[in-house]
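# Structural features, examined
Listed below are the residues making up each chain.
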Amino acid sequence: MSDGTPNWFDADIDHVIVSEEQIRSKIEELAKQVSADYGHVEEVLLVGVLKGAVMFMADFARALGRYGPPAEMEFMAVSSYGQGTTSSGVVRILKDLDRDIANRHVVVIEDIVDSGLTLSWLMKYLESRDPASLEVVALLRKPDAVKVHVPVKYVGFDIPNEFVVGYGLDYAERYREMPYVGVLKPEVYSR
Ligand code: IMP
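Residues numbered from 1 in each chain as written. Predicted model: local features only at pLDDT ≥ 70, side-chain atom pairs only at ≥ 80, totals over all residues. Heavy atoms only, no water.

One can describe the packing of helix α1 (residues 20-37) onto helix α2 (residues 54-67) by two numbers: an axis separation of 8 Å at closest approach and a directional angle of 55 degrees. As judged from the angle between their axes, α1 and α2 are oblique. Where α1 crosses over α2, the handedness of that crossing is right-handed. Across the interface between the two elements, Ile27, Glu28, Leu30, Ala31, Lys32, Val34 and Ser35 of α1 pack against Phe56, Asp59, Phe60, Ala63, Leu64, Arg66 and Tyr67 of α2. Of the residues in the contact of α1 with α2, the class split is 9 nonpolar, 1 polar and 4 charged. (Axes fitted to C-alpha atoms, helices over the stretch in contact; angles between N-to-C directions. Helix = DSSP H or I, 4+ residues; strand = E, 2+ residues; numbered from the N terminus. Parallel < 35°, antiparallel > 145°, perpendicular 65-115°, else oblique. Left-handed = near helix turned anticlockwise from the far one by under 90°. Contact = heavy atoms within 4.5 Å. Nonpolar A, V, L, I, M, F, W, Y, C, P; charged D, E, K, R; others polar.)

Right, dumping it as structure tokens:
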């Protein structure tokens, strides 16, 4: 978990799924892969999906900066209708892109692909805007994601089918600031 400095969240975590160190080295690996694959392009446009991808976007962009190509950043905010810990697949745009993505090499930065419903909707939406290319980098992927055919080219970790928090992912808007990804203790849900 954390380095020994007391914090408010470690006590709520039942078990760690991906440690801070694992995240760090995986991001380095993903950034190297992406920079190799995009070596021929002038620049890429990273599209982060708020709020969950904010940590991943920040760390991934910095890692990519070490290898290139130059990256620009855009953010979208979407919300899938429904509350709690499952996705409904009905997506609402809370914040749209600020700029045209036509003829740009777009790389979507996603925190997690669970049912894949949000991402498959987002891909159709972005594709309709005629990017030069469109790929996805997802830090985490759950087993159900294979049911919906969303081509996620770059995946950090395949994780078990449990609800996870940390590194951008929340439960009721909390735990996003945790530097690692973990599963909450059952009693947290009954508070
Ligand atoms: P999907 O549409 O089921 O693939 O999930 C879409 C969104 O639900 C993700 O981008 C996350 O924001 C959220 N989500 C899915 N699984 C988890 C989880 O285990 N913890 C926190 N948020 C999750």
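Walk down a regular strand and you will see the side chains alternate between the two sheet faces. For strand β5 (residues 105-113), the tally of buried residues reaches 8 of 9 residues, placing the bulk of the element in the interior. Relative to β5, strand β2 (residues 44-50) is paired through 4 bridges, and the arrangement is parallel. The partner of Val47 across the bridge, within β5, is Val108. Sheet topology note: the β5/strand β6 (residues 133-141) ladder contains 8 bridges and is parallel. Bridge pairing links Ile109 to Val137 in β6. With helix α3 (residues 117-127) bridging β5 and the parallel β6, this β-α-β connection has right-handed handedness. (Buried < 20%, exposed > 50% of the residue type's maximum accessible area, 1.4 Å probe, protein only. Pairing = 2+ DSSP bridges. Right-handed = clockwise from strand over helix to strand, strands pointing away.)

Another point: α3. All of the buried residues in α3 are Thr118, Leu119, Ser120, Leu122, Met123, Tyr125 and Leu126. Looking at the buried residues of α3, the elements they touch are β2, β3 (71-80), β4 (91-95), β5 and β6.

Taken together, 16 residues surround the ligand, and among them Ser115, Gly116, Thr118, Lys142 and Val164 come closest. In this structure, an oxygen atom belonging to the ligand sits 2.8 Å away from a main-chain N or O atom of Gly116. Within the side chain of Thr118, one N or O atom sits 2.6 Å away from an oxygen atom of the ligand. Expressed as a share of its isolated accessible area of 490 Å², the protein-covered part of the ligand is 86%. Taken together, the elements giving at least two residues each to the shell around the ligand come down to β5 and α3. Looking at the shell around the ligand, the element that brings in the most residues is β5, giving 4 residues. Of the residues contributing to the shell around the ligand, the split by class is 6 nonpolar, 4 polar and 6 charged. (Near = heavy atom within 4 Å. Polar contact = N/O pair within 3.5 Å; in protein donor to acceptor, adjacent residues only side chain to side chain. Areas by Shrake-Rupley, 256 points an atom, 1.4 Å probe, with all protein chains shown as cover.)

The strand order β1-β9-β8 describes an open sheet built from 3 strands, whose pairing is antiparallel. Two strands lie at the open edges of the sheet, namely β1 (13-18) and β8 (164-165), each paired on one side alone. Pairing analysis gives 2 bridges linking β8 to strand β9 (residues 181-184), with the strands arranged antiparallel. Paired with Val165 across the bridge in β9 is Gly182.

Among the secondary structure elements, Val137 is positioned in strand β6. Look at Val137 and you get buried, because its relative accessible area is 0%. Discounting chain neighbours no more than four positions away, the residues touching Val137 are Leu30, Val34, Phe56, Phe60, Val107, Val108, Ile109, Glu110 and Tyr154.

Attention now goes to the environment of Ala132. Following the sequence through the fold, Ala132 ends up in the loop between α3 and β6. Judged by relative accessible area, which is 45%, Ala132 ranks as partly exposed. Along the primary structure Ala132 and Ile27 are separated by 105 residues, whereas in three dimensions their C-alpha atoms are 24 Å apart. Look past the residues within four positions of Ala132 in its chain and what remains in contact with it is Asn103, Arg104 and His105.

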